[in-house]
Amino acid sequence: MKIQRDYTQPFFREPKRHPLRNMIIAVLLGLLLGLAILWQWEAVQGVVQSFSASPPAPTPLPSELATRASVLFLAGNISGAEELLAQAVAERPNNIAYLYEHGRLLIELGRYNEAHDHGAAITELNARDARGFALKATALTWQGQASVAIPIALSGLELNPRFTPLYATLARAYVDTQRWADGLEAGERGLSIDDSDADLIRAYAYAMQSVGSYNDAENYLQRAIQLRPTYLPIHFELGGLYLARDDDQSAIDIYNRILSLEPRNARAMLRLCLAYRKVGEFARALGFCQDSVEYQPADAEAQFQLGLLHYRERQFEASRDAFQQCLRYDDGFYDLSCRYRLGLSHYYTGACTLGWSLLRDSLDLAQAAGDSATVGNILQGLDAIESDPACVDEAAAPVTIQH
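Residues numbered from 1 in each chain as written. Predicted model: local features only at pLDDT ≥ 70, side-chain atom pairs only at ≥ 80, totals over all residues. Heavy atoms only, no water.

Caption draft 1: Structural context of the overall build of the protein. Helix and strand content of the protein: 21 helices and zero strands. In the protein, which comprises 403 residues, the share counted as buried stands at 40%. When contacts within the protein are restricted to residue pairs at least 6 apart in sequence, those whose partners lie at least 24 apart make up 49%. Summing over all exposed atoms, the protein offers an accessible surface of approximately 22900 Å²; the carbon and sulfur share of this is 53%. (Helix = DSSP H or I, 4+ residues; strand = E, 2+ residues; numbered from the N terminus. Buried < 20%, exposed > 50% of the residue type's maximum accessible area, 1.4 Å probe, protein only. Contact = heavy atoms within 4.5 Å. Areas by Shrake-Rupley, 256 points an atom, 1.4 Å probe, with all protein chains shown as cover.)

Structure representation (structure tokens):
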């Protein structure tokens, strides 16, 4: 019998659909999948993170750190260069090259004890390496111990008579011990070996200033700046030379150039404050002093200069605050200058008792120092408090003038 097919229907018929049953199956499958994920959640999370997380950055080699530090140093970023070299030293503590370069940067940042320790470490590693002597002698010179630094630098030259950083250190150390001719000779000997060493040229200019050769010193500092245009210490020394010669506008130009290289340099702002005050532009001076303490509030000199400007304008509350900060951060240099002016500021703001106490303390300090001009200023302040009806009960103790 022949079966006749109906070609209007599909050959394989689909089963009849039951929507509710399919929905129940989907829900059950979803629950099973959820339970499986919860059961193996840590494993699943690790897989996902392995796909999404970035691969760990490779740790740079010490040589790479040193190279990057050199680039930053040449660009004038001493702090950044120091951080990179510190990492290189941490990874290779017995590498003399890293120790020496890091020590030089520590000296630039005023961390002299650490630099001296680096020099001592180099000497322990190799007693005949002149770099250890150079670090120790330079750190001592900048710490004000030039007389101790000189024999150390000379010992280094016995090991390597052509190592010019030792001549740079000797030039400064001799000047600081008032051996001016020896300072000039040390600079000249070093320059005969390498006349393109900016640090040595800077030190030789320092020696030339000590004997009054200001024009020659200026020329050498300009030459050092040409060799290292982003090295700010040379700019500061040239600015200081201009101020000493009363070439105030040239000094202002130099400090503005520093700010163009490093806009937040608080020291340059302070020097501009001093320069503008010197030429009588007190409003501009005040602005730069305020900027300086904003960026570096712990600078006692900046707080002192700010206090002087406020005091001049009879802004005694502001001068009181500045002199108080000066005393807070001072290491002894500004103690008397800030203390008695703080006493006067307190008196003018109505705090007679505190002003009297500070002036009495300052009088003892001034008399012990033999500072007759300051003694006179303090006595005037004490007399003012004694004669002021608002302070009638304040001057209880008599004033004794020591001779």
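Caption draft 2: Spatial organisation of the environment of His310. Structurally, the position occupied by His310 is in helix H17 (residues 300–312). The exposure class assigned to His310 is buried, which follows from its relative accessible area of 8%. For the pair His310 and Ala322, spaced twelve residues apart in sequence, the C-alpha to C-alpha distance is 8.5 Å. Once you skip the residues sitting within four places of it in the chain, His310 turns out to touch Leu286, Gln290, Gln315, Ala318 and Ser319.

Caption draft 3: Main features of the environment of Leu106. Mapped onto the secondary structure, Leu106 falls in helix H5 (residues 96–108). Looking at Leu106, the relative accessible area reads 0%, which means it is buried. Setting aside residues up to four positions removed in sequence, Leu106 forms contacts with Glu82, Arg111, Glu114, Ala115 and His118.

Caption draft 4: Representation of the packing of aromatic side chains in the model. Overall, the coordinates contain twelve aromatic pairs when judged by the stated rule. Where Tyr204 meets Tyr220, the ring centres are 5.1 Å apart and the plane angle is 90°; that geometry is what we call edge-to-face. Of this pair, Tyr204 sits in helix H11 (residues 198–210) while Tyr220 sits in helix H12 (residues 214–227); the two residues are 16 residues apart in sequence, bridging distant segments of the chain. Its relative accessible area of 7% is what places Tyr204 among the buried residues. Here Tyr311 and Phe316 contribute two aromatic rings whose centre-to-centre distance is 5.3 Å and whose plane-to-plane angle is 75°, an arrangement assigned as edge-to-face. (Phe/Tyr/Trp six-rings, centres within 6.5 Å; stacked < 30°, edge-to-face > 60°.)

Caption draft 5: Inspection of the side chain of His235 at higher detail. Mapped onto the secondary structure, His235 falls in helix H13 (residues 232–244). A polar contact is formed between the side chain of His235 and the backbone oxygen of Pro229, at a distance of 3.5 Å. (Polar contact = N/O pair within 3.5 Å; in protein donor to acceptor, adjacent residues only side chain to side chain.)

Caption draft 6: Structural context of the packing of helix H7 (residues 130–142) against helix H8 (residues 146–159). Between H7 and H8, the least distance of the axes is 8 Å, while the angle of their chain directions is 165°. Between H7 and H8, the crossing angle belongs to the class labelled roughly antiparallel. The handedness of the crossing between H7 and H8 comes out as left-handed. Residues Ala130, Phe133, Lys136, Ala137, Leu140 and Thr141 of H7 pack against Ala146, Val148, Ala149, Ile152, Ala153, Ser155, Gly156 and Leu159 of H8. Tallied by class, residues from the contact of H7 with H8 come to ten nonpolar, three polar and one charged. (Axes fitted to C-alpha atoms, helices over the stretch in contact; angles between N-to-C directions. Parallel < 35°, antiparallel > 145°, perpendicular 65-115°, else oblique. Left-handed = near helix turned anticlockwise from the far one by under 90°. Nonpolar A, V, L, I, M, F, W, Y, C, P; charged D, E, K, R; others polar.)

Caption draft 7: The state of the cysteines, seen in detail. The full count for this structure, using the stated rule, is three disulfides. Sulfur-sulfur distance for the disulfide between Cys352 and Cys391 comes to 1.8 Å. Highlighted residues: Cys352 in helix H20 (residues 352–369) and Cys391 in the segment after helix H21 (372–387), separated in sequence by 39 residues. By relative accessible area, which is 1% here, Cys391 ends up buried. When the cysteines of the protein that form disulfides are numbered from the N-terminus onward, they connect as 1-2, 3-4, 5-6. (Disulfide = S-S within 2.5 Å.)

Caption draft 8: Representation of the environment of Pro165 in the model. Positionally, Pro165 belongs in helix H9 (residues 164–176). Each C-alpha atom, one on Pro165 and one on Gly190, is 8.2 Å from the other, the two residues being 25 residues apart in sequence.

Caption draft 9: Highlighting the packing of H17 against helix H19 (residues 335–348). Direction vectors running N to C along H17 and H19 enclose 35°, while the axes themselves pass 11 Å from each other. By crossing handedness, the relation of H17 to H19 is classed as left-handed. Touching Phe304, Leu308 and Tyr311 of H17 are Ser337, Cys338, Arg341, Leu344, Ser345 and Tyr348, all from H19. A breakdown of the residues in the contact of H17 with H19 according to their chemical character gives six nonpolar, two polar and one charged.

Caption draft 10: Up close: H8. An ideal rise of 1.5 Å per residue puts 20 Å on 14 residues; H8 measures up with 20 Å between its terminal C-alpha atoms. When we look at burial in H8, the residues that qualify are Ala146, Ala149, Ile150, Ala153, Gly156 and Leu157. One side of H8 carries all its buried residues, which in axial view fall inside an arc of 130°. Opposite the buried face of H8, by more than 90 degrees, sit the exposed residues Ser147 and Glu158. Those residues of H8 hidden inside the fold are in contact with H7 and H9. (Expected span 1.5 Å × (residues − 1). Arc of directions from axis to C-beta.)

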